[in-house]
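# A closer look at the structure
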Amino acid sequence: MNKKLPTVLFFGNEQIATGISSSAITIKSLIDANYSVQANVVHNATNNRRNKKITDNITVAEQNNVPVIVNPSNQDLLLFIQQNNFDIGVLVAYGKIIPQNVIDMFKFGIINIHPSLLPLHRGPTPIESVILQNSKTTGVSVMSLSAKMDAGPIIAQKELPLNGSESKKQIAESLLSLGSQLLLSAIPKLIDGTLLPTKQIERLASYDNKISKQDGIINPQKTADGLEKEVRAYLGWPGSRLEVHGTWLTVTKASTSKIPAIKGILTLIDGQLLYGCNGGSLKIEQIKPSGKKEMSAAAFCNGYAHLLNK
Amino acid sequence: MSKTPKDTIITLPNPHLRQRSQKVGVITQQTHNYINQMVAATLDWEASRNHELGIALAAIQIDLKLRIIIIREDFEDKNNKNFTILINPVITKYEGDIVEDYEGCLSIKDIYGKVPRYNKVRVKATDINGEETRLSADGFIARVLQHEVDHTNGKLFIDHIKDSPKAFYHLDNDGQLTPLNYEQEIANSTILW
């Protein structure tokens, strides 16, 4: 006996603020698991940076002869789906709301990976929020997409314990690989009807706000503990930044220190690069001057001694 | 082109597919050879297909009139090439609801059917070491077992749905199923019946 593989339409765009090729990981694992991925819908073929690099999920699609559809109108998308009759849609970091009439075209709906334990942390910044709130645990949810943001019924969930030192990138990577595995094991069960999605409990829902570029500017009125969390949460984008004598510096790794330093000033004390803040100082371990490569605090102190308060 | 393992698979209208197979008496080296041929044929067939998995085979499908069936260990993972071997399988009990789902057959090219089957079965068989084994299965694997045991009795999935005009589908080149025109393509086919 033989069995037809389910046909899949993939929706994904790259570079959610984490800088991780989130949708590339998922489309690759779908193809590797022999799903018949019929097309890859994106709304932007290149990243938003100046180099206009083709995004990873498009590269994966092209290597596997999956056609790419760039930024279709809702009408075109509807027509395309009508003509092709897909079993299931998979959407990862697409960044655009899919109208209900498009979702309804799929026999088994569109499924989506969201990097939080829904209904907690709906919205665009779930990973940043668990870092800033010092959560002991987070997780990933696979859900059936609904027109209301992140409110669809849950198909599968998995927890990820946190030790309080992970960066946004590390958490995102762990959650996405967990999420891809969950998604792959859920699709067959969803299709044969042995898995029924469960509704989210609305009264437990929490929403996170968008993070703005302004949020990345290091405020010395905050505590070292809070700033260290920001360094991990804002890594990649918007970056925890401070300005010294007209040079912008992005802190990429830091810890807290009890050594008092003058608030808002970058100082070298006992061989440690410290930024004075409320109740102590932020000990900078890795730093990236604007337009330069990331470097260790020691290398920075050698090359940028003129920015330090001695 | 030289003959490859998949070319040993017989397809309709070969009349052997509608004949009952014989019980295997003793498991010999020859039996092992036959099983290896069945596995090779299934995997070689699968490699030639873009949108399908070969998940099970009965010996009659490579023209061996023996009650042997092989079933893939994992129906989702193409890279898992292990098969469970059942010799002289018999369904001892049908249970649960009757459910419809799509199935296809390596001996019936490009046609899929929505076939009603019991959701749960119990099977008695001999394993590769000659020991009696009993298993109970539900869901898709129960369907696969019914399909393969049918083969050992000369029955095909299309025989279950021959009077259902809406149960027949064609597998298109892009991996999608489209309904077939029952009157024109199925009812009076000289290949299928």
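Cut-off values and rules
- Residues numbered from 1 in each chain as written.
- Chains lettered and ligands numbered in written order.
- Predicted model: local features only at pLDDT ≥ 70, side-chain atom pairs only at ≥ 80, totals over all residues.
- Heavy atoms only, no water.
- Domains from an automatic or database assignment.
- Buried area = accessible area lost by both parts, 1.4 Å probe.
- Salt bridge = Lys/Arg side-chain N within 4 Å of Asp/Glu carboxyl O.
- Polar contact = N/O pair within 3.5 Å; in protein donor to acceptor, adjacent residues only side chain to side chain.
- Helix = DSSP H or I, 4+ residues; strand = E, 2+ residues; numbered from the N terminus.
- Phe/Tyr/Trp six-rings, centres within 6.5 Å; stacked < 30°, edge-to-face > 60°.
- Buried < 20%, exposed > 50% of the residue type's maximum accessible area, 1.4 Å probe, protein only.
- Pairing = 2+ DSSP bridges.

### Quick look at the domain arrangement of chain A
All names here are of chain A.
- Each assigned domain of chain A is listed with its residue range as follows: domain 1 (7-204) and domain 2 (213-307).
- Using only C-alpha atoms to locate each centre, domain 1 and domain 2 end up separated by 34 Å.
- Taken together, the two surfaces of domain 1 and domain 2 that pack against each other cover about 850 Å², and 61% of this comes from carbon and sulfur.
- There are zero salt bridges connecting domain 1 and domain 2.
- The interface formed by domain 1 and domain 2 holds six residue pairs in polar contact (both at pLDDT 80 or more) in total.
- Ranked by residues supplied to the side of domain 1 that touches domain 2, first place goes to helix α5 (residues 126-132) with three residues.

### Description of the packing of aromatic side chains
Residues and elements named next belong to chain B.
- On inspection of all chains with the given rule, the structure shows nine aromatic pairs over all chains.
- An angle of 40° between the planes, with centres 5.0 Å apart, marks the rings of Tyr94 and Tyr118 as tilted. Highlighted residues: Tyr94 in strand β4 (residues 83-105) and Tyr118 in strand β5 (residues 108-126), separated in sequence by 24 residues.
- Here Tyr102 and Tyr169 contribute two aromatic rings whose centre-to-centre distance is 5.2 Å and whose plane-to-plane angle is 80°, an arrangement assigned as edge-to-face. One end of the pair, Tyr102, is in strand β4; the other, Tyr169, is in strand β7 (residues 168-171), and 67 residues separate them in sequence.
- Accessibility expressed as a relative area gives 23% for Tyr102, which makes it partly exposed.

### A closer look at the pairing of strand β6 (residues 110-114) of chain A
Residue and element names in this part refer to chain A.
- Where burial is concerned, most of β6 is hidden: five out of the five residues are buried.
- Residues of β6 alternate between two faces, with Ile110, Asn112 and His114 on one and Ile111 and Ile113 on the opposite face, all of them buried.
- The sheet contact formed by strand β5 (residues 88-92) and β6 spans three bridges and is parallel. Across the sheet, the residue bridging to Gly89 is Ile110, located in β6.
- Pairing geometry for β6 and strand β7 (residues 137-144), over four bridges, is antiparallel. Across the sheet, His114 pairs through a bridge with Ser141, a residue of β7.

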